[in-house]
Amino acid sequence: MRFGVLGQLEVRDSSGRPLPISSPKQRLVLGVLLCYRDVRVSTEHLLDIVWSGEPPSSARTNLHGYLHQLRRSLGSSRIVRYGSSYQLVVGPDEADDQLFEDIADAGRQRLDAGDAQRAADLCREALRLWRAERAYLDLDESIAIRTEAARLEELRANALENRIEAELRLGAHPKLVPELKKLVATHPLRERLRGQLMTALYRCGRAAEALEEFRHARAKAIDELGLEPGADLRELERAILTEDPALDPPYARAARTRAVPAELPAPHPSFTGRDQQLAALTRRLVPDDGGVAGPPVVTINGPGGIGKSALARKLADHVADQFSGGHLYAHLRGATPGAEPLPPHAVLHRFLRALGVEESAIPTGTDAAAALFRSTLLDRSCLIMLDDAYDATQVRPLLPGPTSPSAVIVTSRRALSNITTGHHVTLGTLSPDESYLLLSRLVGAERIDREPEIAYEVARLCGHLPLAVQIAGSRLVSQPHWTLASLRRRLDDAQGRLDELAYDDLAVRASCDVTYTALPPSTAELLDHLGLMDLPDFTVHTAAALVDRPTAQVRQDVDRLIEAQLLTDTGAGRLTLHDLIRLYAREQASRSISEPDRLAAIRRVLHLYLVTARRAAPASAPSHERRAATGPSTADLRSSGVELENGSAAARWVQSEQDNIAAAAEHAALLSGDGPAILAGLAAALYHPFRGQGNQFGLISINQLALTAAQAVGNSLWSAQIHHDLSDCLFMLDRFDEARHHGFEALDAYRRCGERRGEAEALMAIGYYFGHDKRLDEAVSYYEQALAIHRDLGDVTGEVLTLTNLGTTYHRAGKLDEAIDIHEQALRVGHASSVEGIVRFRLAEALRDSNAQERALEHVDAAIGIFHAGGISFDESMALWLRGELLHDLHRPWAARDVWRHSLDLLCDTRRLSFEEADELMRSLVPSAPEAFRRGRP
């Protein structure tokens, strides 16, 4: 995603498409967040800035609406909510102002170091980022934004002066005079610009005019400031008067003859898709206004087989007629099996000969040849395609000079982001429809359209990788008797899929081999280990556990894999492998990692998850000793886990790792030795964190695996705990018969083990089930048995939970006074943080039904605070919804809608609801509660 503030505010997605943010106030809110990016901004501060210190009564509701729409447009991970504060998360290369500052500063450093050519290039690149004379052009009503815009505009002026200084050193004074005259007229008191104009005029043989400029500057300074010009300008006047040789211009130009090369390869006839990238790159190479400040350079990067060269060829063919000076092409062999990357001098030599430079005139050194190449292209409009570059060092000498009208297209497996003058595009896989169309073009529409669903499945098994789809199409063409179904059956076998994706000189495995063999040993070892567990995604902590190395050291290997396009950074510290690269890594692992080492690596990851899950559990609910002690002792585990600073961090970890934990549980179920114990430990530790996020299905899956493992090793205590947790989850999913079955199984197992605390929990759960069926006497009987045990054991938490469940049972039976009394008794008995939240939520429900809304509001507000502190997002969202209902009861409808929207945002953040579903609910003046709230109430 790209944020643009150097002109009118704009946001573009990863493909370059603008995101529509049309509401003026919404744009203003985003502008303020951009000014304070990566810093938490309180709601109060936003209200003060956006409404200039005078927010209307509806401002808070409107602000939350603007923020909700922005989160929808940008993604909820972009605007992170911390209580009543918001933070816009912007990556280091995602905002044009930060990119401008970084490039401009690099230009200043090169100028100070005496590298005028590089300084000019960098300053031009920085200035090209500006789309207007002013930053935040359409957002001038905020003082905060005006202040930031003024700072950026001063930096722009400095970068402009640095660019002019570099060009003066390069001898470009004749073309600078008109520009400098205009700039001096606009900024008459900027003495550096005035001095640059004087220098340019002097070098053009116009010393008298240069001295006249000094007299104008002196008069202006005295008239407006009451001061003489500065020492630098006075010294320049002296140098002009004395004809100081230091003011003389550098001068050089290489002789050459004209030739018009035409070397571009033809585009692939089956090229498919990439319409948005093609349009955006075309605009870069041939801007609508017909000119750019410096030669446009586009770099297309991505993993092997992603279609970089195909897009580059199509792009070159698309714009070739705009470049009358010739078309140059070189395959740089950056990822060619068995070949070394082509040296830059070899390419320069061939390019210069193609442009008509005599053999004897071509220097033997790379730097001198590159300088001649830039001189040769100074006034020539050439299109240069550099295919399969190895790195930026190979490419830089092959780029035209800053004033050349030429353009360059580069492809590389690496992201050549340190070519700062380039526009960089990272290619992803094709869409399903594009993959289908490519297959159709390769094989023939008639054959593909006979089995369209199977064609889509073949494309999916190819990972929508263009190379893989092309190979699949080629195999079908070569085997006309094959049906798509027969090819799909061959590809279905993950173990042999890479064998099937090979034809003639095309092979996915060979494409991966080129990159893999170039990796340092530690990086290759990491990729091998990433093939062991088939995790959907992972963090550097997981990667470090796999290879048993320090996180800081592994992070370097992760960066190398990302640079090699073998690993994708999906944001927020999450990493993933493409499906076919995952299969390749699995193959490498089977060759390079012994069975004992494989099991040890998997065990380390399981230990990481178990330690961290135990760390996350207390944030969601008080964890008594039995849960914490289920499975291996933490002291015996070979991991220190992931540090979780608070309940919110614990909730984020649980949410992001849910799918990985499910995959890890599958491995634990197959692991001999301590596998069953690890699995039982995971199931016990994750009960409250998963339940707090409404992930009943995930809990059921893990507990079913754990139950099988516990029964296999004959551990009745583990089995009892698992039966209890399954009973609770199934009840929340309305699977009442299964819930009762597991509830009574838990009770019997706890009694056999003599585990009285567990017995009390099972009795309490069964009482809750009978209460749900309105069998009040039976429910009370089970609750009384549970209470007796909890009181006998001195288990205050258990007693509070049993009392509040009993209160809920009375509530459901219509006995509101009894329900309120019992909930209040539960509060008096004692509490631990999240248990108190549950009690207060249920008490608030009972008070509302008793028409005591103000009292209910006090309790639900307390519950919200407790749930939020513990990172229990699902319960927090339910409590917020109840708060909205109470506010509506109290005739505060707009405040109610604000809170309901906040509740739905939380559900969206935890993937329990889509933004579209949330919007549909909010279309009603009084929205119905989401279906998710019908289950799993606190």
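None of these values were measured; they are calculated from a predicted model.

Enquirer: Describe the sheet that holds strand S4 (residues 79–82), and please don't skip the residues or the numbers.
Expert: Strands sit in the order S3-S5-S4 across an open sheet of three strands; the sheet is antiparallel. A strand with exactly one partner marks an edge of an open sheet, and here the two such strands are strand S3 (41–42) and S4. Relative to strand S5 (residues 85–88), S4 runs antiparallel, the two being bridged by four bridges. Within S5, the position partnered with Ile 79 by the bridge is Leu 88. The sheet contacts of helix H3 (residues 59–74) involve S4 and S5, and relative to S4 the element is tilted by about 135°.

Enquirer: So what about the UniProt feature "domain: Bacterial transcriptional activator" (unreviewed entry) in the chain? Which residues, and what values?
Expert: Under the UniProt annotation, the feature "domain: Bacterial transcriptional activator" (unreviewed entry) is placed at residues 95–241. As annotated, residues 95–241 comprises 78% helix and 0% strand, and the C-alpha atoms at either end are separated by 47 Å.

Enquirer: Got a sec to walk through helix H16 (residues 432–443)? Specific residues and values, please.
Expert: An α-helical turn contains 3.6 residues, so any two residues separated by three or four positions project in the same direction. Taking 1.5 Å per residue, twelve residues should reach 16 Å; H16 reaches 16 Å between its end C-alpha atoms and fits that length. On its buried face, H16 is in contact with helix H17 (445–449), helix H18 (452–461), helix H19 (466–478) and helix H20 (484–492). Gly 444, located one to two residues past H16, shows a positive phi value of around 115°.

Enquirer: I'd love a proper account of the packing of H3 against helix H42 (residues 893–909), names of residues and values included.
Expert: For any two helices packed against each other, the geometry comes down to the angle between their axes and how far apart the axes lie. Two elements in contact, H3 and H42, have axes separated by 9 Å at closest approach and are oriented at 25°. Looking at the two axes, H3 sits roughly parallel to H42. For the pair H3 and H42, the sense of crossing is left-handed. Judged by residue contacts, Arg 60, Thr 61, His 64, His 68 and Arg 71 of H3 engage Trp 894, Asp 898, Arg 901, Asp 905 and Asp 909 from H42.

Enquirer: For the environment of Arg 374, give the residues involved together with the corresponding values.
Expert: Checked against the element boundaries, Arg 374 lands in helix H14 (residues 366–376). On the accessibility criterion, Arg 374 (24% relative accessible area) is partly exposed. Placed 293 residues apart in sequence, Arg 374 and His 667 show a C-alpha to C-alpha distance of 59 Å.

Enquirer: Hey, could you go over the confidence of the model for the chain for me, with residue numbers and the actual values?
Expert: Across the chain, the average pLDDT comes to 85, with 95% of residues at 70 or higher. Segment residues 251–257 is flagged for pLDDT under 50; beyond a separation of four residues in sequence, or across chains, it makes twelve contacts in the model.

Enquirer: Help me get a handle on the nonpolar core, residues and values and all.
Expert: One finds Ile 409, Leu 530 and Trp 653 to be the most contacted residues of the largest nonpolar core, which totals 191 residues. In terms of residues, this core owes the most to one element, helix H27 (residues 595–620), which gives ten residues. Apart from the residues within four sequence positions on either side, Trp 653 is in contact with Tyr 609, Thr 612, Ala 613, Ala 616, Val 642, Leu 644 and Ile 661. With 67 residues, the next largest nonpolar core counts Leu 9, Ile 21, Leu 33 and Tyr 136 among its residues.

Enquirer: Got a sec to walk through the sheet that holds strand S9 (residues 407–412)? Specific residues and values, please.
Expert: Spatial strand order, S7-S8-S9-S6-S10: five strands in an open sheet with parallel pairing. Strands with a single pairing partner mark the edges of an open sheet, and in this sheet they are strand S7 (326–331) and strand S10 (422–426). Mean inter-strand twist for the sheet, computed between neighbouring axes without regard to direction, equals 15°. Bridging between strand S6 (residues 297–301) and S9 involves five bridges; their strand directions are parallel.

Enquirer: Mind laying out the pattern of salt bridges, listing which residues take part and the relevant values?
Expert: Throughout the structure, instances matching the rule amount to 63 salt bridges. One salt bridge connects Arg 108 with Asp 105, and the closest N-O pair in it is separated by 2.9 Å. Within this pair, Arg 108 and its partner Asp 105 are both found in helix H4 (residues 96–112), separated by three residues, close to a single helical turn. Given a relative accessible area of 31%, Asp 105 falls into the partly exposed group.

The rules behind these values
- Residues numbered from 1 in each chain as written.
- Predicted model: local features only at pLDDT ≥ 70, side-chain atom pairs only at ≥ 80, totals over all residues.
- Heavy atoms only, no water.
- Pairing = 2+ DSSP bridges.
- Helix = DSSP H or I, 4+ residues; strand = E, 2+ residues; numbered from the N terminus.
- Contact = heavy atoms within 4.5 Å.
- Axes fitted to C-alpha atoms, helices over the stretch in contact; angles between N-to-C directions.
- UniProt positions renumbered as here; feature names shortened; annotations may be inferred.
- Expected span 1.5 Å × (residues − 1).
- Parallel < 35°, antiparallel > 145°, perpendicular 65-115°, else oblique.
- Left-handed = near helix turned anticlockwise from the far one by under 90°.
- Buried < 20%, exposed > 50% of the residue type's maximum accessible area, 1.4 Å probe, protein only.
- pLDDT = per-residue confidence, 0-100.
- Core = buried A, V, L, I, M, F, W, Y, C linked by side-chain atoms within 4.5 Å.
- Salt bridge = Lys/Arg side-chain N within 4 Å of Asp/Glu carboxyl O.

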